[in-house]
Amino acid sequence: MARASRTFICQACGAVTPRWAGRCESCGEWNTIVEEAGASSGVAGGPPQLVGKTKGRHIALVAMAGETAEPPRLVTGVAEFDRVCGGGLVPGSALLIGGDPGIGKSTLLLQAMAALGKRGAEVVYISGEEAIAQVRMRARRLGLADAPVQLGAETNLKDIIATLENGTPPAAVVIDSIQTMWTEALESAPGTVTQVRATAQDLVRFAKRHGTAVILVGHVTKDGQIAGPRVVEHMVDAVIYFEGERGHQFRILRAVKNRFGPANEIGVFEMGELGLQEVPNPSALFLGERDGDTNGSAVFAGIEGTRPVLVEIQALVAQSSLGTPRRAVVGWDSGRLSMVLAVLDARCGLTLGGQDVYLNVAGGLRINEPAADLAVAGALVSSITGTPLPRDCVIFGEISLSGAIRPVSQMEARLKEAEKLGFKRAILPASAARARPATGLDVTEISDLAGLVAKLAAGSKPRTRERAGEI
Ligand code: TYD
Ligand code: MG
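This is a predicted model, so every value here is computed, not measured.

J.: Can you help me understand the overall build of the protein chain in this one?
T.: Scanning the protein chain for helices and strands turns up 11 helices and 21 strands. Sorting the 471 residues of the protein chain into buried and exposed places 48% on the buried side. Taking the contacts inside the protein chain whose residues are at least 6 apart along the sequence as the reference set, 67% of them involve residues at least 24 apart. As presented, the protein chain carries roughly 22,900 Å² of accessible surface, and 52% of it is formed by carbon and sulfur atoms.

J.: Looking at this model, I keep getting lost on the sheet that holds strand S7 (residues 172-176). Mind explaining?
T.: Either a parallel or an antiparallel arrangement is found when strands of a sheet pair, and the pairing is made through backbone hydrogen bonds. Read from one edge of the open sheet, nine strands run S6-S5-S7-S8-S4-S9-S10-S11-S12, paired in mixed fashion. Of all strands in the sheet, those bounded by a partner on one side alone are strand S6 (149-153) and strand S12 (275-278). Averaged over all pairs of adjacent strands, the angle between strand axes in this sheet comes to 25 degrees, irrespective of strand direction. Alignment of strand S5 (residues 123-127) against S7, held across five bridges, turns out to be parallel. Its bridge partner lying in S7, isoleucine 126 is registered against isoleucine 175. Sheet strands in contact with helix H3 (residues 132-141) are S5 and S6, and its direction is about 145 degrees off that of S6.

J.: Whenever I open this one, the state of the cysteines confuses me. Can you help?
T.: Linking two cysteines covalently through their sulfur atoms gives a disulfide. Under the criterion given, the structure shown has zero disulfides. With no disulfide of its own, cysteine 24 lies 3.7 Å from the sulfur of cysteine 10, the closest cysteine sulfur.

J.: Whenever I open this one, the nonpolar core confuses me. Can you help?
T.: When a protein is soluble and globular, its nonpolar side chains tend to lie buried together. One finds Leu380 and Leu449 to be the most contacted residues of the largest nonpolar core, which totals 65 residues. Per-element tally for this core: the top contributor is helix H8 (residues 373-385), with eight residues. If sequence neighbours within four positions are ignored, leucine 380 has contacts with Ala315, Val317, Leu337, Val340, Leu341, Leu344 and Val357.

J.: Looking at this structure, how should I read the environment of proline 407?
T.: With respect to the element layout, proline 407 can be found in the loop between strand S19 (405-406) and helix H9 (411-420). Residues proline 407 and alanine 371, spaced 36 residues apart in sequence, show a C-alpha to C-alpha distance of 8.3 Å.

J.: For this particular structure, what's the right way to read the packing of aromatic side chains?
T.: To describe a pair of aromatic rings, you give the distance between the ring centres and the angle between the ring planes. One pass over the structure, following the stated rule, counts one aromatic pair. Considering the side-chain rings of phenylalanine 242 and phenylalanine 269, the 6.2 Å spacing of their centres and the 80 degrees angle between planes classify their relative orientation as edge-to-face. With phenylalanine 242 in strand S9 (residues 238-243) and phenylalanine 269 in strand S11 (residues 266-272), the pair connects residues that are 27 residues apart, well separated along the chain. Residue phenylalanine 269 is classed as buried on the basis of its relative accessible area, which comes to 0%. Just above the ring of phenylalanine 396 sits the side chain of arginine 414; from NZ or CZ to the centre is 5.4 Å.

J.: Which parts of the structure should I look at to understand the side chain of aspartate 373?
T.: Inspection of the secondary structure puts aspartate 373 in helix H8. Note on aspartate 373: relative accessible area 0%, which makes it buried. Among the polar contacts made by the side chain of aspartate 373, one reaches the side chain of arginine 336 at a distance of 2.7 Å. What aspartate 373 contacts, discounting residues up to four positions off in sequence, is Trp332, Arg336, Met339, Val340, Gly397, Glu398 and Ile399.

J.: Sorry, what's going on with the site of ligand 1 here?
T.: In the neighbourhood of ligand 1, 17 residues make up the surrounding shell, with Gly102, Lys105, Ser106, Thr107 and Arg138 lying closest. Here an oxygen atom of ligand 1 sits 2.6 Å away from a polar atom, N or O, in the side chain of threonine 107. A total of 560 Å² of accessible area belongs to ligand 1 in isolation, and the protein chains cover 74% of it. For the shell around ligand 1, the secondary-structure elements that each account for two or more residues are helix H2 (105-118), H3 and S11. Tallied by class, residues from the shell around ligand 1 come to five nonpolar, seven polar and five charged.

Calculation notes
- Residues numbered from 1 in each chain as written.
- Chains lettered and ligands numbered in written order.
- Predicted model: local features only at pLDDT ≥ 70, side-chain atom pairs only at ≥ 80, totals over all residues.
- Heavy atoms only, no water.
- Helix = DSSP H or I, 4+ residues; strand = E, 2+ residues; numbered from the N terminus.
- Buried < 20%, exposed > 50% of the residue type's maximum accessible area, 1.4 Å probe, protein only.
- Contact = heavy atoms within 4.5 Å.
- Areas by Shrake-Rupley, 256 points an atom, 1.4 Å probe, with all protein chains shown as cover.
- Pairing = 2+ DSSP bridges.
- Axes fitted to C-alpha atoms, helices over the stretch in contact; angles between N-to-C directions.
- Disulfide = S-S within 2.5 Å.
- Core = buried A, V, L, I, M, F, W, Y, C linked by side-chain atoms within 4.5 Å.
- Phe/Tyr/Trp six-rings, centres within 6.5 Å; stacked < 30°, edge-to-face > 60°.
- Lys NZ or Arg CZ within 6 Å of the ring centre and 35° of its normal.
- Polar contact = N/O pair within 3.5 Å; in protein donor to acceptor, adjacent residues only side chain to side chain.
- Near = heavy atom within 4 Å.
- Nonpolar A, V, L, I, M, F, W, Y, C, P; charged D, E, K, R; others polar.

Spelled out as structure tokens, the structure:
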């Protein structure tokens, strides 16, 4: 009898290897390789092998030009959720919502499904993690006890699909979570890459066949014990991550892939006693808790998706007592911070070698835009020189390695948002090639980082005197 071949799969990235190893060669994660039974390359998500003697059928190719209707949308009524999806759920599409355990995925989806049900659509919520009583209890807490949502507590995918196909398929189905689903066609345990892929594929197929919007919940785990949603990302039409710091009540829904709408769109929620409340004006919220005139704070006028968002960036530069000074960053890229520090050192003569640097984006938002460079530099220089930036001033611009400030996109939208929120001044990149954006703000154009440092240093109290006073 032929020996069954053994397959080992990395639970973090899905790479298949013929033997066990402590470290995955493909993604570099440790301790993520697990033997999975019944996983051949076909089952594991690869395309079926092209075998057999029959010839392929001819398919009709069509011209690119042609009429295509906009996909119809199932508007749930939770406006922030709808906007992140690109204007509502698309029938026949599959959506993945990923996030840390306990961040609020189940709460959000229960609220969205209840709202959609109240609009007359048939919706089903399948929980593989909680019992019906628990889901009902949460619904009661959220004030949604009588919403027309059909509940199911099941993890066997075959039974779930048979149930959904019995009668008219619903308009939307939530599967909470994909890591708990399993199909008996495979021997591996639920939550392994093989099971997650196979069940997700079946659900995507179900969505396409019946025109149902399928929402998959996926937990993101860093320890690699459970296959992350990354292995499902390429199968679904849209991937949305639910982010936020546990300690903060703000939650940010961010589209990272969307075949039917803009990616990078964000929706902002606040977790409260009555579940997730929408925050239609995030700038006011991110700036709401600003302290008085303190140094080390700068207001960045950013763009998240299609929306301008103002957010406070805080920096603290302090004498280090360690051999290697600390660089602690929350909400921004630490590599980018090193770059800004290097430019401040090399081009502006501000050496921070012996200082600890702390950087924090207020409110739990994560910024990815290079346009935040100048705001970060502003907050750092303000902390170093002890000069507060004007309270009514916004700042943005990208810093190049030469120390020059590069223009950024959508300047007018940024300035308009600042004006709307009562700001009076702006510091932004100078550009000869482009007309100054029309705005009612008092604009200061900066062409290189040294210019900003000189401007802030001019108003600074000399630090040495402060120190002398301390002694
Ligand atoms: P949950 O939706 O269960 O998270 P996930 O499905 O992503 O694992 O959210 C659970 C957390 O939310 C839990 O810590 C309690 C908190 N929460 C509130 O603060 N208020 C509420 O009204 C609800 C329902 C939950
Ligand atoms: Mg949950």
